[in-house]
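Summary of structural features
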Amino acid sequence: MRYALWNYLHRANSNKQQARMMARHWLGNAWMKRNVGIDRPDIMSSSTNIDYRELRLRMRRGCTPTYMSRVSHCAFFLPRVFSSCRRYLGTRVEERSPLVVEGGTTSIGDGVKQTRELKESIEAQQKHVNTLELFGQTYVRDEWTNIPTMVMDKLGRNLHNQKHHPLWLLKERIKDYFYREFTGRCHKPLFSVHDTISPVVTTQQNFDSLLVPPDHPSRYHGESYYLNAKHLLRAHTSAHQRELVSTGLDAFLLVGDVYRRDTVDRSHFPVFHQVEGLRLFSSEQLFASVTGSGPAGLDLFEAGTRTTSKQESHSLEAAHLVASNLQHTLKGLIHFLFGTSVETRWVPCTFPFTHPSFELEIKFNNTWLEVLGCGVTEQKILHAAGAGDRIGWAFGLGLERLAMVLFSIPDIRLFWSNDECFSEQFKVDDIHQSICFKPLSPYPPLINDLSFWIPSGESFDDRDFYELVRTIAGELVQEVKLIDKYTQPGSGRHSRCYRLVYRHAERTLTKGEVDLVHRAIGSAVETQLGVKGRF
Ligand code: PHE
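Residues numbered from 1 in each chain as written. Predicted model: local features only at pLDDT ≥ 70, side-chain atom pairs only at ≥ 80, totals over all residues. Heavy atoms only, no water.

Before going further, it helps to examine the overall build of the protein chain. In terms of regular secondary structure, the protein chain is built from 19 helices and 17 strands. For the protein chain, the proportion of its 535 residues judged to be buried stands at 45%. As presented, the protein chain carries roughly 27900 Å² of accessible surface, and 49% of it is formed by carbon and sulfur atoms. (Helix = DSSP H or I, 4+ residues; strand = E, 2+ residues; numbered from the N terminus. Buried < 20%, exposed > 50% of the residue type's maximum accessible area, 1.4 Å probe, protein only. Areas by Shrake-Rupley, 256 points an atom, 1.4 Å probe, with all protein chains shown as cover.)

Structure follows, in C-alpha cells:
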C-alpha cells in the first residue's frame, strides 16, 4: 500500500521534490529511507498498474491502525488512491464524511517540516475524524462511540419546549398540577421546573451517582448511546438528581429528552421524553403532618419484623410516610390528567436508586399500562448530595406514553412529524382543553384559494368565515388559512385571501366534487357575510 501511495505521489506530481516531501510526511521518514532510498527506479518507474495482490498481502500481514489511518489520511487528499485502497481493505476502512478508519488513531508523519497550511488542514481533518461536536463541546471518539445520524438529528429538537406540541402540552398540564397543589411561602410554587438541561451526561451522572452497580445491564454498550466511554446521551432524567439536590433544591421537576437503544415501532422510539420529580422533607416537616397510616393496600416494609432499635423504627416510619406522600401525589396527578374515574394500581419493582420502588399502572382499553417508576430515594444518594438530613421520594414518568393515551395518538413517530396537520391539532388556547387526535389522512390534499373584498367600513370576523366553511364542507376541509390581507388605497376596501385544504380521511377526493363545494362556499360568503367575491 505504501508503495502504491509513493508511486501515485511521485507520478502525480510534476515537482518531484514536493512529491518526495509529501511522501515523507505521509509515509514516514523511516519507510522512505528503507524503501525508496535516494532513488529506487524499480519502484519509481514501475508501471502505472498497482500490484494489488502484493498490497493486499502487505495489508494482511502487518498493518497497524496508525498505519491504516495514515493511509486514509492521505486518501483524504488523494481520493483516487483511497478508492483503490478501499477496494482492497474492504470493511476495515469506512468512508464517512469525513473519511474515518474504524478504531484508528491518526498520526502526522514525523520528521518533515510541513507548510503551515498543510499542517493546519491535516490537524483540522484529524480533529474532525476523531471527535464529536455537541452543543459547543468536543468529545473524543473511542470504541464506545455509537450514536447514529438518526439520533444525532434529534438532538436539540426539544419537543417538550415547542409551544403547542403535545409533549409540551402535557408538560404544561403536569406543571400546572404541581403549581396548584404544592405551594410554599407566599403561595410560591414549591416545585421548580428545569427543562433545558443538556442531555449529554457522564457515566458518573447516569449510573454511579445513582448507585447503579458496575456490572448492571443498563450500562451495556448496546443499551445506550455513547459519545465515548465517559459520556453518553442520558438514558433517564434521574441522571441529574444528584446535581440538582446538591444545589440545595428540595422539590423540583426536570423535563428532558432521553435516549435508549430500542426497536422502532408504534410505541418505542430511541428518543423519548421524561419528567423527573423529586421531593425532600426534613424530619420535622414529615412528622408535623403525621397521619399514622401507611399507604392503603401496601405492605411496604413488613413493619415490625425488621425493626428493633428506636432509631430504626423512626426512620422506617419516616420512609413509610414518604412513600405514602409519594403515592398520594402521583395518584393525584393521574386523576388530574385523566379524571378520577381512571383505574390505577401500584406494582412493586426495583431500581438501584430507590427503596422501596414501585411502578404505577393505569387501566386503558382494558389493559394495564405502566406509566411511571418511583420510590423512596436511597439515603446514600442524598448524603452524597449534601442532603443527608432529608428523606424524600422521586419519580420518572414517560411523556410519550401518557400523551398517546391522553390525546389518542396511535404512533410514537408522529411526535416527530413536521406535518402541520399534526401540530395544528394541538393549538389550543387553554392547555386543559380536551383533544382527540384525528389521524393524518394518507390521501392527497387538494388546495383551493378563495379571495373576496370586504366593503369599506364593514367589519368582518374570521371566525364567521371558518364556521361557514365548516358548515358547508364538513369533514372535507382539513385546514383554512388566511394567506393574504390587503387594503385598496383609493376605495379603502379590504381584500382577504384564504387557502382551503380539502382532504378526506378515507378516500381521494376528486377535483369535480371539491370544485362544487368550493363554489358553494364562495356564494355563501357573498350572501351570508356580505362580501364581494374575487373569483
Ligand atoms: N429513572 C427511572 C426510569 O427511567 C424512573 C425512576 C425515577 C424510578 C425516579 C424511580 C425514581 O425508568
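Across the sheet, four strands lie side by side as 15-16-14-17; this open sheet has antiparallel pairing. Strands with a single pairing partner mark the edges of an open sheet, and in this sheet they are strand 15 (477-487) and strand 17 (532-533). The strands touched by helix 18 (residues 462-473) within the sheet are strand 14 (446-454), strand 15 and strand 16 (494-502), with strand 16 carrying the most contacts at an inclination of about 35°. Those strands touched by helix 19 (residues 511-529) are strand 14, strand 16 and strand 17, and its axis lies near 15° from that of strand 14. (Pairing = 2+ DSSP bridges. Contact = heavy atoms within 4.5 Å. Axes fitted to C-alpha atoms, helices over the stretch in contact; angles between N-to-C directions.)

A cis amide bond links His355 with the next residue in sequence, Pro356, at an omega value of -5°. In this fold, Pro356 is placed in strand 11 (residues 354-364). Positive phi, close to 65°, is recorded for Leu211, a residue that is not glycine. Mapped onto the fold, Leu211 is located in the loop between helix 11 (203-206) and strand 7 (231-233).

Our focus in this paragraph is the pattern of salt bridges. Scanning the entire structure with this criterion turns up 17 salt bridges. Here Glu361 ties to Arg345 by a salt bridge, and the two come within 2.8 Å at their closest N and O atoms. One end of the pair, Glu361, is in strand 11; the other, Arg345, is in strand 10 (residues 344-351), with 16 residues separating them in the sequence. In this structure, Lys481 engages Glu479 in a salt bridge whose closest nitrogen and oxygen atoms are separated by 3.9 Å. Glu479 sits in the buried class, given a relative accessible area of 13%. Through salt bridges with shared partners, a single ionic network connects Asp250, Asp389 and Arg390. (Salt bridge = Lys/Arg side-chain N within 4 Å of Asp/Glu carboxyl O.)

Among the 14 residues in the neighbourhood of the ligand, the closest are listed as His236, Ser238, Arg260, Gln274 and Gly396. A distance of 2.9 Å is found between an oxygen atom of the ligand and a side-chain nitrogen or oxygen belonging to Arg260. Gln274 places a polar side-chain atom, nitrogen or oxygen, 3.0 Å from an oxygen atom of the ligand. Compared with its free state, where it exposes 320 Å², the ligand has 90% of that area covered by protein. Listed by contribution, the elements that provide at least two residues to the shell around the ligand are strand 9 (271-282), strand 12 (367-377) and strand 13 (390-398). The biggest single contributor to the shell around the ligand is strand 13, with three residues. Grouping the amino acids of the shell around the ligand by side-chain chemistry returns five nonpolar, seven polar and two charged. (Near = heavy atom within 4 Å. Polar contact = N/O pair within 3.5 Å; in protein donor to acceptor, adjacent residues only side chain to side chain. Nonpolar A, V, L, I, M, F, W, Y, C, P; charged D, E, K, R; others polar.)

Now for the pairing of strand 13. In terms of residue burial, strand 13 counts as a mostly covered element, since nine of its nine residues are buried. Neither face of strand 13 is open: one carries Arg390, Gly392, Ala394, Gly396 and Gly398, the other Ile391, Trp393, Phe395 and Leu397, and all of them are buried. Bridge count between strand 9 and strand 13: nine bridges; the pairing is antiparallel. Across the sheet, the residue bridging to Val275 is Leu397, located in strand 13. Strand direction decides the pairing type here: strand 12 and strand 13, joined by five bridges, are antiparallel. Along strand 13, the bridge assignment pairs Val376 with Trp393.

Without other data, these values stay purely geometric and don't point to any function.
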